[in-house]
Structure formats: C-alpha cells, structure tokens
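Chain and residue survey
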Amino acid sequence: MAIAKGKWVLVVPSLLAFAWGIAVWAQGTAPEKPSAAKVPPKVAKKAREYKGSPTPPKTLVKQADGHWTPYTPPKPEKGEELYTIKKGDTLSELAQEKLGDWLLWPQIWDLNPYIKDAHWIYPGDPLLIRKPQVISEKMPVEKAPPPPPEKKQQGPKLEIEEEAALPPVTANDVYCSGFVSSNFRMPALRIVSGPERVRESLATGNVVYLNGGTENGVQNGDIYFVIRKGSVVHHPETGHVIGTFYGRVGRVKVISAQKRTAIAQIIQSCDEIRYGFGLVPFHPIPIPWDIKASKSVPVYLPDDHSKPKGRIIWTKDRRSVVGQHYLIYINLGSNQGLLPGDKLWIYRHANEEDSLITSTRDLFRQDQVVPPGRDLFREKSAMEKAIRRDSREPKAGSYSGQEVSSGDHESASKDTRYPANQGRHFNPINAIKDYLGEAVVLTTRRNTACCKILISPKESHVGDWVELE
C-alpha cells in the first residue's frame, strides 16, 4: 500500500514516541541490578585462591523442615532477612546476583560461619546476606585527625622512690651505747677463749667460751651484754675524775652450759669483741621511739635557773668534735631528774674559751692514764697497777656486774656555772648563749647520762654545756 509523501511526516514521530514509551516501561518494570562495591584486596585474593574439600561431607542430618544438611544452621534472629539456598545455587553466583560482584562471596561465607566448607552448600539451609556499604565518591568523607607524633624515648624511665625517714632513735643506738660510772665493777663472768684462739677480733656469729657454767647460774638460752672497760673520764674544766667509761659492744647467747664452763655465740656486735671482755645479764632497755627533733635551734631563750645544766664529758670513740647522730655523755643523770626521752639544748657561751682547747687539755689529762691492756696474759706495768689501786677486782664467785656501793661517789666538779662574777673584769657579753644543737637522753645513771644528738647546725665539743628543754 502506497503512502503519501505528506503522511510520512506524521507517522515517523509517532513511531519514535511509541518506542520511547516502551523503553521507559521496560526500565520501570525490570529488576534493579545492585551496583558492585569495590572489592577489598584481601577478599578478592581469598575468593580466587580458596580451595575447599574435593569430596562432600559424608554425614548428613535431616532437619525439622525435611531437608538434609551436614551443618547445624543457627536459628534466625528477629528482624533478619534470610535467603534459603535453592538447588544449583553457589556462593559466587549469589554474590554476583545480590552484591554485584562474584568476588564478594567470602563476605557471605563470613556472615554464615556454620558452613564449614564454602564449596558445599545444601538446599534448604538459610543464608544471611548483607549488601556492603557503597561509598559515593561525591560524598565528602571526614578524615580522622592524624595521631600525635610519638615522642622518642631517651631510655627506660627511672622512677626514684623517696626514702622513708628513719626514726630519730633506733634500737641500735640504745643497745650499743655505754655509760660512765665511778662505782661499777667489771663482772667475773668473761669471754676467755674460743675454737679459734688465734683470732683477736670477734664479731657476730663467732663461737666463744665462757669461764662460768651452771654452778654460777649460767643456763642454756641466757643472753648477756658484752661490756668493754674504757678510759677514765675527767671533768673537761676542772680535771676532776668523774668515773670510768664502759661500753656495750655486743650480746652473746649461751648455747651449751656445762658445770663450770659454757659455750656461747655472738648474736650482735656493735664493735670488735675481744677475749677478756665482761658479761652482764641482758635486760630490755626502754627506747624513746616517739621522739621528734626540733626544726631548728633557738637564737635566744630566757635563762631558767631551775633547769639542770651540765657539760659534755665524753663522746663515742673519744672524738673531740661531734655532730648529728653522734652519742655524747653528760654529767647529769637521774639524781638531777633526767629521764630517757628528755631533750636537751647544747650551747656555748659567747667569747668563752675555745672548747676545742678545753677538749685538747682534757685529752692530754686522759693520755696520762695508761689505757687498760687488751692482752690478758701480759704482765701489768707498775704504772697500771698504781692507776688501778682504787678499781678493786670483784670477789670470787661474783659473776654479774653491779654497783658496789649504795651511795654514788661520782665526783662532779663544784663549779659555779660559768660565767661567774669576775669583779670589774666581768663582761656581760660572756653570758650570751650560742645554741649548737639538740640532743635526747637515751639512758641514765645517777649522775651521768648517754644522749644522742638530733640536730646540729654547728659542731659540738667536749666541754660544751647542756640544758634541759
């Protein structure tokens, strides 16, 4: 059939419009194909290289809905949309259909860990399939702030803990101290020998032999102070004899007592212990634990004549200059009202004669006295015998150190407490006290005491004054 030339003009546009409408309808009714997400390199590598078992599982279990499977499918949680595997399905085909790329099948497997082998899936088993999030290139992505730069460590960190402050007074201060007395007599019980007789100096752990046993009251387990007799102590100003210094140099414990002898072991040594040292029964000594040192020494204190005043008459190791933590001995004791724990100020009068000179004179006086011989087998010199005339040995059978008289004959000087009125030459400046430090009383006897210096901004000497706080 022939068509006029003018009618072709109307037919062609109509055909084009009809074709466009069919295309739009087809596009609206066709299923939407999921857009492929970018496959992570690790997932793609796993998808290509995975090799499962060449043979299927042998043990199948019939499920409640009637299908058979070697796996144990989990119960679906609320809100989850599961896909039921059909005959002929594979994970790669499902990934291509549902996720847009067959290389994403490991992601489906990861969501369904009950499937032991990805090559063998069974119709009727459920699959959880989630579409990976597709990030549009046009959407701005907030970049996380860069981490702070790591500081290069110079080396291992060293944390130094502060050392705990020690108490002002320790048990060693008290049990290793001494005393000055004029009427103490050395006991008859002594260290006379040991397994190694050639050894001259003994210390902790050494075994020693005693010259007394059960007949003299020595029993197994008894503990004794080891006493060393020292030099005669003189008053630092007048030179009068105050007494003799005796030091506690350790302790021994009896481990085997026989009838007339005993074996003991040294359990503490404060200083070297030698044969011939005496033994006094051990007794606990109160320790002033709660003492606190003052923060500083005073510049001025009003004079109180009711408080006892005395002098430093001796120092540990016979030192002429002492400071903080040193032990000193003074010519004040229980007769003057001193008790362990009492604190004293150490001072010196202004423009007073140099105490170091006084100490030197005192040491010179004491150097005139021959110190006791350490060798028990050496013959005593005539001079030593003359010096020891008034130091009578204990009577036979006396095995404990004791005061030999009920009265205390320690002869302190009868000075008038410097400074004295010197007539028209008296200078009131001499009465000003220069405070040197602070000490605490550890042990007392009748007219003497052992003290420990707590603080000492200035050095102290033998001859310096002490006053009860």
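Look up a bit, the structure's there.
Below is a short write-up of the structure. (Residues numbered from 1 in each chain as written. Predicted model: local features only at pLDDT ≥ 70, side-chain atom pairs only at ≥ 80, totals over all residues. Heavy atoms only, no water.)

Further remarks concern the sheet that holds strand β15 (residues 327-330). If you walk around this closed barrel you meet the 6 strands as β13-β15-β19-β18-β16-β21, and the pairing is antiparallel. The mean inter-strand angle of the sheet, taken between neighbouring strand axes irrespective of direction, is 45°. Two elements, strand β13 (residues 309-315) and β15, share 3 bridges in a ladder whose sense is antiparallel. Note that in β15 the partner of T315 across the bridge is I328. (Pairing = 2+ DSSP bridges. Helix = DSSP H or I, 4+ residues; strand = E, 2+ residues; numbered from the N terminus. Axes fitted to C-alpha atoms, helices over the stretch in contact; angles between N-to-C directions.)

This brings us to helix α2 (residues 41-49). Residues separated by three or four positions in an α-helix point in the same direction, a consequence of the helix having 3.6 residues per turn. Of the residues making up α2, those classed as buried are V43, A44 and A47. Down the axis of α2, the smallest arc covering the buried residues is 100°, so these residues share one side. Away from its buried face by more than 90 degrees, α2 exposes P41, K42 and E49. (Buried < 20%, exposed > 50% of the residue type's maximum accessible area, 1.4 Å probe, protein only. Arc of directions from axis to C-beta.)

With that settled, the discussion passes to the packing of aromatic side chains. Any pair of aromatic rings gets described here by the distance separating the centres and the angle formed by the planes. Following the criterion strictly, the structure yields 16 aromatic pairs and no others. With centroids separated by 5.2 Å and ring planes inclined at 80°, the aromatic side chains of F179 and F184 adopt a geometry described as edge-to-face. Given a relative accessible area of 7%, F179 falls into the buried group. A centroid spacing of 5.1 Å and a plane angle of 75° characterise the contact between F245 and Y329, whose relative ring orientation is edge-to-face. Taken as a pair, F245 in strand β10 (residues 241-257) and Y329 in strand β15 lie far apart in primary sequence, 84 residues in all. Considered together, F245 and Y329 belong to a single accessibility category, that of buried residues. Within the aromatic cluster, the residues linked to one another by ring pairs are W345, Y347, Y435 and W465. (Phe/Tyr/Trp six-rings, centres within 6.5 Å; stacked < 30°, edge-to-face > 60°.)

As paired strands, strand β8 (residues 207-210) and strand β11 (residues 262-269) are joined by 4 bridges and run antiparallel to one another. By the bridge assignment for β11, V208 is matched with A264. Linking β10 to β11, which pair antiparallel, is a turn of 4 residues.

Any link to function would need more than the numbers given here.
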